[in-house]
Amino acid sequence: MPYQWPLDASELFGERYPQMVNTGLPAAVVDTVRAAVSEMWADAPGGWVHEWSKLAAAYADAGSHERAALAYGWAKFPTLADESRRVALAKQLEQYQLAAPGFGVRFERYVLELPYRGGTTTVPVHLLAPYDLPADRPVVLASGGVDSWKMDMHGLMVLLATRLRAPVLVFDIAGTGESTVPMTGSGGAELVSGLIEHARSLGNGVVAHVGISMGGYFSARSGLGGEVDAAVVLGGPVEAAFTDARKDAFGMDGIVGNALGFDAPPDPEQVALRTAEFSLRPLLDQDRNGPMLVVNGADDVHVPQHDTLVFQGRRDTVVDLVPDTGHCAVSKLPEVFPTIIGWLDRTLTATAGTGR
């Protein structure tokens, strides 16, 4: 079972505010919730889940289902550590599906049964695609991170689908969201491999992988291993982040501990044992990668600059360490995401031209 840990709600608002307002909620509304929240775990007035759920319910009652889904997404943040957050996730999914007719793109939700450690596990996915899309288009596989999951990234996913004129297959990485298995490097990568195989059957066989934050770890892994035709790594940890002291900042130690499957706050040694396999150094030492774009903010409090700059000089790799912004360059997403889309468009067009 997941666990709670000491967490300062005001510090989280300070760190996550740019993400809250750059992914679809009005700043004035976020400010109102921020002023009302005084405690992280209590499901009562002043509690994080209570105040965010109150906002979400108001949006739902007004028929603003997409914003209701976003607000419920923040209500269940940062992990499903109690029943009230599990309820918020269920309501987020309900509101998200109610909002689907207004997405402006075709939406389909279905559940895959994918190979996992000698057996199988279920992986719910969301497919977003422009209407009247030709069948011979590349497919973009996309995921958020350890605490911001597939529905939380909705606006960015729709941008990918509409600007690239491509289907976008969105999923939760292992240990997060609707996943039923803990987060591990090899196990999570096995699920990604199954998703890549499925994605190749949906379009013309060309697949790109876009990963955000911890999702960027898995897109870095699939890109470095040459599993996909293009990979975007936005704020992904790949090596130094797994031993860097900053991994504990803003509650990230508890967020990661929950994703790893612990049921109580673990000792550093326990975490080190489970994260030892995550380093991508073996893949970084090889030369198998496809085209890659690696982007992060220079002031990231979670992922050291090394994990971006280590890609400099690699074949078919573009590196962009964006100044004056933090994790995933989130405060500059309106500038950064069009750059990502432009790179993907050029890269996928060139890949299609090679006749894969």
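Owing to the predicted nature of the structure, the values given are computational and were not obtained by experimental measurement. (Residues numbered from 1 in each chain as written. Predicted model: local features only at pLDDT ≥ 70, side-chain atom pairs only at ≥ 80, totals over all residues. Heavy atoms only, no water.)

1. What to know about helix α7 (residues 185-200)
So, point 1. Helix length check: α7 (16 residues) gives 22 Å between terminal C-alpha atoms against 22 Å at 1.5 Å per residue, within 8%.
So, point 2. Capping of α7 at its N-terminal end is provided by Thr-184; its side-chain oxygen lies 3.0 Å from the backbone amide nitrogen of Gly-187. (Helix = DSSP H or I, 4+ residues; strand = E, 2+ residues; numbered from the N terminus. Expected span 1.5 Å × (residues − 1). Polar contact = N/O pair within 3.5 Å; in protein donor to acceptor, adjacent residues only side chain to side chain.)

2. Some details on the environment of Ser-201
So, point 1. Structurally, the position occupied by Ser-201 is in the loop between α7 and β5 (207-212).
So, point 2. When the C-alpha atoms of Ser-201 and Pro-334 are compared, they prove to be 32 Å apart, with 133 residues separating the residues in sequence.
So, point 3. A polar contact of 2.5 Å, which involves the side chain of Ser-201, links it to the backbone oxygen of His-198.

3. What about helix α6 (residues 154-164)?
The periodicity of an α-helix, 3.6 residues per turn, causes residues three or four positions apart to be oriented the same way.
So, point 1. Those residues of α6 lying buried are His-154, Leu-156, Met-157, Val-158, Leu-160, Ala-161 and Leu-164.
So, point 2. Of the residues flanking the end of α6, it is Arg-165, one or two places downstream, whose phi is positive at about 55°. (Buried < 20%, exposed > 50% of the residue type's maximum accessible area, 1.4 Å probe, protein only.)

4. Overview of the pairing of strand β3 (residues 139-143)
So, point 1. Counted residue by residue, β3 has five buried out of five residues, so it is predominantly covered.
So, point 2. Bridge count for β3 against β5 is five bridges, and the pairing is parallel. Its bridge partner lying in β5, Val-139 is registered against Val-207.
So, point 3. As defined by bridge partners, β3 adjoins strand β4 (residues 168-171) across four bridges and the pair is classed as parallel. What sits directly across from Ser-143, in β4, is Phe-171.
So, point 4. Once you follow β3 into α6 and on to β4, the crossover reads as right-handed. (Pairing = 2+ DSSP bridges. Right-handed = clockwise from strand over helix to strand, strands pointing away.)

5. Here we look at the nonpolar core
So, point 1. Of all hydrophobic cores here, the largest spans 75 residues; its most connected members are Trp-48, Trp-52 and Leu-195.
So, point 2. Ignoring any residue separated from it by four or fewer positions in sequence, one finds Leu-195 in contact with Leu-112, Leu-114, Val-123, Val-125, Leu-141, Leu-169 and Phe-171.
So, point 3. Formed by 45 residues, the second largest nonpolar core is a distinct cluster that contains Leu-93, Tyr-96, Val-210 and Leu-293. (Core = buried A, V, L, I, M, F, W, Y, C linked by side-chain atoms within 4.5 Å. Contact = heavy atoms within 4.5 Å.)

6. Regarding the pattern of salt bridges
So, point 1. Taken as a whole, this structure holds 14 salt bridges when the rule is applied.
So, point 2. Arg-16 is the salt-bridge partner of Asp-147, the closest N and O atoms lying 2.6 Å from each other. Of this pair, Asp-147 sits in the loop between β3 and α6 while Arg-16 sits in helix α1 (residues 9-22), and the two are 131 residues apart along the sequence. Of the two residues examined, Asp-147 and Arg-16, each falls in the buried class.
So, point 3. The closest approach of N and O atoms between Arg-109 and Glu-178, which form a salt bridge, is 2.8 Å. Placement of the pair is Arg-109 in strand β1 (residues 106-116) and Glu-178 in the loop between β4 and α7, with a sequence separation of 69 residues.
So, point 4. In the salt-bridge network here, residues are joined through shared partners; they are Arg-109, Lys-150, Asp-172 and Glu-178. (Salt bridge = Lys/Arg side-chain N within 4 Å of Asp/Glu carboxyl O.)

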